[in-house]
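Next come the chains, spelled out residue by residue.
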Amino acid sequence: MQRTYEVMFIVRPDMTEEDQDKLVATMEGHVATAGGTVKNVERMGKRRLAYVVRKFQDGIYVLMVLEGDGAMVKELERRLRVTEPVIKFITVRVDEEQKRMAKVKALRDAKVRGKGTRAAAAEAAAASAAATAAEAAASAAAATTEADTAPASV
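Calculation criteria
- Residues numbered from 1 in each chain as written.
- Predicted model: local features only at pLDDT ≥ 70, side-chain atom pairs only at ≥ 80, totals over all residues.
- Heavy atoms only, no water.
- Helix = DSSP H or I, 4+ residues; strand = E, 2+ residues; numbered from the N terminus.
- Buried < 20%, exposed > 50% of the residue type's maximum accessible area, 1.4 Å probe, protein only.
- Contact = heavy atoms within 4.5 Å.
- Salt bridge = Lys/Arg side-chain N within 4 Å of Asp/Glu carboxyl O.
- Pairing = 2+ DSSP bridges.
- Axes fitted to C-alpha atoms, helices over the stretch in contact; angles between N-to-C directions.
- Parallel < 35°, antiparallel > 145°, perpendicular 65-115°, else oblique.
- Left-handed = near helix turned anticlockwise from the far one by under 90°.
- Nonpolar A, V, L, I, M, F, W, Y, C, P; charged D, E, K, R; others polar.
- Expected span 1.5 Å × (residues − 1).
- Arc of directions from axis to C-beta.

(A) Region of interest: the overall build of the protein chain. Across its full length, the protein chain holds four helices and four strands. In the protein chain, the order of α-helices and β-strands from amino to carboxyl end is β-α-β-β-α-β-α-α. For the protein chain, with 154 residues in total, the buried portion stands at 23%. Residue pairs in contact within the protein chain that sit at least 24 positions apart in sequence constitute 71% of those at least 6 positions apart.

(B) Broad picture of the pattern of salt bridges. In total, this model carries 14 salt bridges according to the counting rule given. Here Arg 48 and Asp 58 are joined by a salt bridge, their closest N and O atoms 3.6 Å apart. Of this pair, Arg 48 sits in strand E2 (residues 37–53) while Asp 58 sits in strand E3 (residues 56–68), and the two are 10 residues apart along the sequence. Its relative accessible area of 58% is what places Arg 48 among the exposed residues.

(C) Main features of the sheet that holds E3. Reading across from one edge, E2-E3-E1-E4 is the order of the four strands in this open sheet, with antiparallel pairing throughout. At either end of the open sheet lies a strand with only one pairing partner, and these are E2 and strand E4 (86–93). Across this sheet, the average inter-strand angle for adjacent strands is 20°, counted without regard to direction. By the bridge criterion, seven bridges tie strand E1 (residues 3–11) to E4 in an arrangement that is antiparallel. Looking at the pairing, Val 7 lines up with Thr 91 of E4. Set on the sheet, helix H2 (residues 70–82) makes contact with E1, E3 and E4; between it and E4 the angle comes to about 165°.

(D) Looking closely at the packing of helix H1 (residues 17–33) against H2. Contact geometry of H1 with H2 gives a least axis separation of 9 Å together with a crossing angle of 150°. Classed by the angle they form, the pair H1 and H2 counts as roughly antiparallel. The hand of the H1/H2 crossing is right-handed. Residues Met 27, His 30 and Val 31 of H1 touch H2, and the partners they reach there are Met 72, Leu 76, Arg 79 and Leu 80. Here the contact of H1 with H2 is built from residues that sort into five nonpolar, one polar and one charged.

(E) Broad picture of the side chain of Thr 4. Inspection of the secondary structure puts Thr 4 in strand E1. We classify Thr 4 as buried; its relative accessible area is 7%. Discounting residues that sit within four places of it in the chain, Thr 4 has contacts with Lys 39, Val 65, Leu 66, Glu 67, Val 92, Arg 93, Val 94, Asp 95 and Gln 98.

(F) Highlighting H1. If you check H1, its first and last C-alpha atoms are 24 Å apart, about what 17 residues at 1.5 Å a residue would give, namely 24 Å. Among all positions of H1, only Gln 20, Leu 23, Val 24, Met 27 and Val 31 are buried. The buried residues of H1 occupy an angular sector of 95° when the element is viewed end-on, so they sit on one face. In H1, those exposed residues whose orientation departs by more than 90 degrees from the buried face are Glu 18, Lys 22, Ala 32 and Thr 33. In this structure, the buried side of H1 is in contact with E1, E2, E3, H2 and E4. Note on H1: the residue one or two positions beyond its end, Gly 35, has a positive phi of about 95°.

(G) Looking closely at unusual backbone geometry. Positive phi values are uncommon outside glycine, yet Arg 54 reaches one of about 50°. Looking at the element boundaries, Arg 54 is found in the loop between E2 and E3. A positive phi is found at Lys 55, a non-glycine position, where the angle reads about 70°. Relative to the helices and strands, Lys 55 resides in the loop between E2 and E3.

These figures capture arrangement, not role.
Encoded structure:
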């Protein structure tokens, strides 16, 4: 079953641009050989770490969005663990969150902006009351015209 994952890893801050390209290319190759696809690669640049990791205070962040199964993720994580320039990584499954967000967006689109289901029900009741009042006014007007045309019996 194809699922969507985000893999963020941090590499050493002293790594050159060519070495970063090579590392990302090898990771993409590992994903492809494991039966997955890389949807997006985002290089977030050099940032300060929250705490010292392997004697580094800075790191270069890379975010990869992948599509594949659990075995592919397991193999990629194993490769990241043994790759020396990678100092930290995390994998998050995001397809369930995307599905939930799509459902919430569909519910929001179904409602009129600023008017929830209660407001819509109140509007429908007001429209129904207005229609009933219009019918009552029309029947009253018809009754008055009948009374005007009737002969007086004096």
